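# Residue-level structure breakdown
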Amino acid sequence: MEQQKKTIFSGVQPSGNLTIGNYLGAIKNWTALQDEYNCIYCVVDMHAITVRQVPAELRARTYETLAVYMAAGLDPEKNTLFVQSHVPAHAVLAWDLGCYTMFGELSRMTQFKDKSLKHADNINAGLFTYPVLMAADILLYQADLVPVGQDQRQHLELARDIATRFNNSYSDTFTVPEGYIAKTGMKIMSLAEPTKKMSKSDANPNASVGILDSRDDIIRKFRRAVTDSDTVVRYAEGKDGINNLMSIYSCFTGKDFEAIEREFEGKGYGDFKLAVGETVADCLAPLREKFDALMKDKKYLEDVMKNGAERANYIARKTISKVHRKIGYVGL
Ligand code: AQP
């Protein structure tokens, strides 16, 4: 008998132009999972408003993020692709789970600390309770696996703790999710400050490479990437910039670090940076083409959103009614 497929859940915020960090740490890996797993991929617009967004831009980016998912190879027939705010159960479960999450736990989240520093004028409660909404996203769908970059590991641990706490308080209700972290692309660093994560909301446009950047921009940004005073292309401690470029090159070409070191033996950083830029631009070109075609057909994107929301709502409602029964709410 065929074993039931495991469920995978993940999402990206439409909070800026998607970077190659989002691509290598998340979206690219998702495409490899769509046959083997029951995959649910969300555009997490409700998470995005923890930081101020321009409404028209948020709306446009929501379409774009969905189009990137599909342009990267996610088939809307095989996967449930939807927008978070189209499934109200995310907010409902987030409230419920918030009552099973401790203030101290949320205070320890490093992303909250980082984002509070970055957005000191808007340290809103949503920024603080963000991990509870993320737990709700995952637990609603009884996800077995959550593919996330290294940066989201702490939030996933908290989701596991919340699920376990709820299950122990009542009886088994939630699947306790496991992290699924790909070996490469775990954490792509900023090109301007290679000790910092590459982020789509970085104010410095040269720090990140967008999935949809033009070929010229991609090559130019890699040319300007911060490296070190050494001249040899090799992976070593303290060479954060070069290590990052090698990781990116490795993710796009499938070559390991030794092969990359051999390839650039006797060549300088300039040659290496140009090769990385050209390779990344070449690899992203077909995605860009598909993206442009998809963005011309908004009606189709909306049909995908509606269909995905219907499928997601169906699963989410089942979890919500189970949770509410256990808590003691009156069901009508
Ligand atoms: N630099 C990165 N390297 C590897 N993976 C990354 N991810 C993000 N940046 C990198 C992964 O992309 C997924 C979606 O992330 P998100 O949009 O939910 O939020 P984020 O992690 O906060 O991403 P950004 O780009 O840094 O967004 P902003 O600037 O808006 O905060 C996640 O799986 C994440 O691990």
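Residues numbered from 1 in each chain as written. Predicted model: local features only at pLDDT ≥ 70, side-chain atom pairs only at ≥ 80, totals over all residues. Heavy atoms only, no water.

## Describing the overall build of the chain
The helix and strand tally for the chain stands at 13 helices and five strands. The C-alpha atoms of the chain give 21 Å as radius of gyration, which agrees with the globular expectation for 332 residues (20 Å, within 12%). Buried positions account for 52% of the 332 residues belonging to the chain. Counted over contacts in the chain with a minimum sequence separation of 6, partners at least 24 positions apart contribute 76%. One way to put it: in the chain the 42 positive side-chain charges average out to a point 3 Å from where the 42 negative ones average out. (Helix = DSSP H or I, 4+ residues; strand = E, 2+ residues; numbered from the N terminus. Rg over C-alpha atoms; globule rule 2.2 N^0.38 Å. Buried < 20%, exposed > 50% of the residue type's maximum accessible area, 1.4 Å probe, protein only. Contact = heavy atoms within 4.5 Å. Lys, Arg positive; Asp, Glu negative; His and termini not counted. Charge placed at Lys NZ, Arg CZ, Asp CG, Glu CD.)

## Examining the domain arrangement of the chain
On domain assignment, one finds that the chain holds domain 1 (2–181 + 297–327) and domain 2 (215–292). With centres defined by C-alpha atoms, the gap from domain 1 to domain 2 works out at 31 Å. Taken as a group, Ile20, Leu24 and Ala71 account for 59% of the area that domain 1 buries against domain 2, more than any other trio of residues on that side. On the surface where domain 1 and domain 2 come into contact, there are one residue pair in polar contact (both at pLDDT 80 or more). Elements that contribute at least two residues to the side of domain 1 that touches domain 2 include exactly α1 (20–31) and α3 (55–71). (Domains from an automatic or database assignment. Buried area = accessible area lost by both parts, 1.4 Å probe. Polar contact = N/O pair within 3.5 Å; in protein donor to acceptor, adjacent residues only side chain to side chain.)

## Things to note about the nonpolar core
A general tendency of soluble globular proteins is for nonpolar side chains to be buried together. Formed by 57 residues in total, the largest nonpolar core has its most connected members in Ile27, Phe222, Ile248 and Phe272. Among the elements that make up this core, the one with the highest residue count is helix α12 (residues 269–295) (10 residues). Of the domains in this structure, domain 1 (2–181 + 297–327) and domain 2 (215–292) are the two that each give at least three residues to this core. Not counting the four nearest positions on each side in its chain, Ile248 is found in contact with Ile20, Leu24, Ile188, Leu191, Phe222, Val276 and Val280. Of all hydrophobic cores here, the second largest spans 41 residues; its members include Val44, Phe112, Ala316 and Val323. (Core = buried A, V, L, I, M, F, W, Y, C linked by side-chain atoms within 4.5 Å.)

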